[in-house]
Amino acid sequence: MSEPEEVLQLRACRAEVEGIKKQLEDAREQQAKLEEKINGLLKKQREARKKRREAVLAADAAGVPRLRISKEVGMQRSNVYKLLEGADTSDSDTGDDS
């Protein structure tokens with residue numbers, strides 16, 4: 001004896017919903033892993049910028065020309081000057097404006 005069409009339709013709907021639920025769980029797991037990776041990379045970036053700042057200050061104190069410092073660290077000269085003046089340049093550190 002075969003199942004009524006309505007019962008088969010109910011089973012199909014259940015399978016579809018459960019499949020989507022499983023895909024959502026997998027996507028959330030991937031998202032959590034990515035967020036963890038991003039947070040780790042942001043921490044490393046902060047540490048690297050701190051080391052870069054210390055290196056820039058040391059180079060300036062040693063008399064290395066500021067243009068050379070900016071080229072070596074890959075920062076725009078204006079941002080190197082701001083860093084040397086004590087300003088925070090954490091958001092703008094790309095390019096070379098020479």
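Our subject is the structure that appears above.
A brief look at the structure comes next.

Reading the values: the criteria
- Residues numbered from 1 in each chain as written.
- Predicted model: local features only at pLDDT ≥ 70, side-chain atom pairs only at ≥ 80, totals over all residues.
- Heavy atoms only, no water.
- Buried < 20%, exposed > 50% of the residue type's maximum accessible area, 1.4 Å probe, protein only.
- Helix = DSSP H or I, 4+ residues; strand = E, 2+ residues; numbered from the N terminus.
- Arc of directions from axis to C-beta.
- Contact = heavy atoms within 4.5 Å.
- Patch = residues over 30% accessible without salt bridge, like charges linked within 9 Å, V, L, I, M, F, W, Y side chains within 5 Å.
- Areas by Shrake-Rupley, 256 points an atom, 1.4 Å probe, with all protein chains shown as cover.
- Salt bridge = Lys/Arg side-chain N within 4 Å of Asp/Glu carboxyl O.

## Comments concerning helix H3 (residues 77–84)
Asn-79, Val-80, Leu-83 and Leu-84 are the residues of H3 that are buried. Projection of H3 onto a plane perpendicular to its axis shows the buried side chains occupying an angular sector of 140°, all on one side. Where H3 is buried, its residues contact helix H1 (5–61) and helix H2 (66–73). Positive backbone phi, at 100°, marks Gly-86, one or two positions downstream of H3.

## Some points on a nonpolar patch on the surface
On the surface, a cluster of nonpolar side chains totalling about 270 Å² of accessible area is made up of Leu-34, Ile-38 and Leu-42. Tracing the backbone through its elements, the reader meets Leu-42 in helix H1. Judged by its relative accessible area of 37%, Leu-42 falls in the partly exposed class.

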